[in-house]
Amino acid sequence: MVCINFVNKKNADFLLLIVAIGWGSTFILVKKALADLPAFSFLFIRFFLSFLLMYILFYKKISIDKESIIAAFVLGFFNFVAYAFQTIGLYYLPSNIVAFLTGLFVVFTPIIAFFIFKKSISIYAIIGVILSFTGIYFLTTGKIAFSLPIILVIICAISYAFHVNFTDIYSKKYNIFTLVTFQFLTVALFSLIFIPFENTSNIHFSFTVILAIIITVLVATVFAFFVQTFAQKFTTPTKTAIIFAMEPVTASIFGYLYGETLTIKQIIGGLLVILAIIITEAGANIIKQITKNS
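Residues numbered from 1 in each chain as written. Predicted model: local features only at pLDDT ≥ 70, side-chain atom pairs only at ≥ 80, totals over all residues. Heavy atoms only, no water.

Thoughts on unusual backbone geometry
Glycine aside, a negative phi is what most residues show, and trans is what most peptide bonds show. Here Lys118, not a glycine, exhibits a phi torsion of approximately 55°, which is positive. Position of Lys118 among the secondary structure elements: in the loop between helix H7 (105-115) and helix H8 (123-139). Judged by its relative accessible area of 66%, Lys118 is exposed. (Helix = DSSP H or I, 4+ residues; strand = E, 2+ residues; numbered from the N terminus. Buried < 20%, exposed > 50% of the residue type's maximum accessible area, 1.4 Å probe, protein only.)

Overview of a nonpolar patch on the surface
Taken together, Ile264, Ile267, Ile268, Leu271, Ile274, Leu275 and Ile278 make up a surface patch of nonpolar side chains, about 630 Å² in accessible area. Tracing the backbone shows Ile274 in helix H14 (residues 264-293). (Patch = residues over 30% accessible without salt bridge, like charges linked within 9 Å, V, L, I, M, F, W, Y side chains within 5 Å. Areas by Shrake-Rupley, 256 points an atom, 1.4 Å probe, with all protein chains shown as cover. Salt bridge = Lys/Arg side-chain N within 4 Å of Asp/Glu carboxyl O.)

Topic: helix H2 (residues 12-24)
Counted at 1.5 Å a residue, the expected span for H2 with its 13 residues is 18 Å, and the 19 Å between its end C-alpha atoms agrees. Of the residues making up H2, those classed as buried are Ala12, Asp13, Leu15, Leu16, Val19, Ala20, Gly22, Trp23 and Gly24. (Expected span 1.5 Å × (residues − 1).)

Quick word on the nonpolar core
Core analysis: the largest hydrophobic core is formed by 96 residues, its most contacted members being Trp23 and Leu101. If we ignore the near neighbours within four places in the chain, the residues touching Trp23 are Tyr83, Tyr160, Ala220, Ala224, Phe225, Gln228, Phe244 and Glu247. (Core = buried A, V, L, I, M, F, W, Y, C linked by side-chain atoms within 4.5 Å. Contact = heavy atoms within 4.5 Å.)

A few points about the layout of surface pockets
By volume, the second largest pocket amounts to about 220 Å³. Surrounding the second largest pocket, 14 residues form its lining, Leu34, Pro38, Ala39, Tyr91 and Asn199 being those nearest its centre. For the lining of the second largest pocket, the leading source of residues is helix H5 (residues 66-92), giving three residues. Residues belonging to the lining of the second largest pocket are distributed by class as follows: 10 nonpolar, two polar and two charged. (1 Å grid on protein atoms, 1.4 Å probe; cavity = no way out; pocket = protein on both sides within 12 Å on 5 of 7 lines; lining within 4 Å. Points joined across faces, edges and corners; volume = space filled by probe spheres on them. Nonpolar A, V, L, I, M, F, W, Y, C, P; charged D, E, K, R; others polar.)

Points about the packing of aromatic side chains
Applying the stated rule across the entire model yields 34 aromatic pairs. Judged by centre distance (5.2 Å) and plane angle (45°), the rings of Phe58 and Phe177 are tilted. Here Phe58 is found in helix H4 (residues 39-58), whereas its partner Phe177 is found in helix H10 (residues 176-194), with 119 residues between them in sequence. Accessibility expressed as a relative area gives 9% for Phe58, which makes it buried. (Phe/Tyr/Trp six-rings, centres within 6.5 Å; stacked < 30°, edge-to-face > 60°.)

Digging into the packing of H4 against H10
One way to put it is that H4 packs onto H10 with a least axis distance of 8 Å and a crossing angle of 150°. By the angle between their axes, H4 is roughly antiparallel relative to H10. Crossing of H4 against H10: the hand is left-handed. Counted together, Phe40, Leu43, Phe44, Phe47, Phe48, Ser50, Phe51, Met54, Tyr55 and Phe58 of H4 and Phe177, Val180, Thr181, Phe182, Phe184, Leu185, Val187, Ala188, Ser191, Leu192 and Phe194 of H10 form the full contact between these two elements. Classifying every residue of the contact of H4 with H10 by side-chain character gives 18 nonpolar, three polar and no charged. (Axes fitted to C-alpha atoms, helices over the stretch in contact; angles between N-to-C directions. Parallel < 35°, antiparallel > 145°, perpendicular 65-115°, else oblique. Left-handed = near helix turned anticlockwise from the far one by under 90°.)

Written out as structure tokens, the structure is:
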């Protein structure tokens, strides 16, 4: 991919921002597609096609070794849990609510990084987490009531926080192409296991379903996860999570374009998320400058 030679410490954050925007743009489209294609069937098609595409394009760069395959399986497991519960949540909740709950991984990621992976967190990152969480809350106008679908999407957020942290570790140790390719295969195989439990009698490959599959495969899966895995070699999991807070912002904007409401409170929430990213980025640069001068 072109991004291999383009990614460095300076522009990794920018590429992660593009990934967040790409993911956010797919929420409303996937929600509409699920009316014609059950969740696990959709996930199987999406990730199996992504696996095939990655393998066909980069089979010469893929290394088949035990450690890399196990690492890819771990990433794939957390990815499956995240996407399975998120996709189920889209059946029962508005796309912007699902986006908010998924965005809670912004909070869970540094907590997991600190307590489980023993990683330090800068004061600017803490401020960024607080601002981004507040912004995401405003994006949903604060109207959240606990239910089973909401609990499932919160589990999705926790799982994705683990995914971000493990990606931070594995991206620095193993073959990137192997991690991404077999991560997709893992998600596809887990999805295949649950397809027999779905109602597949009313499957309809409508234009919306086909469009959702094409966009999620090319943009939200192959491109997005390759960029995330590669870019995380150059940044921290907490910073990655804060940048990914742009996902619910983008989801709210696209939801508005497709007919969902967007209030002043939600606009303020989006601006808070953007401010969180700026503060985190500026803070990191200040720390680098102080370290350099000392």
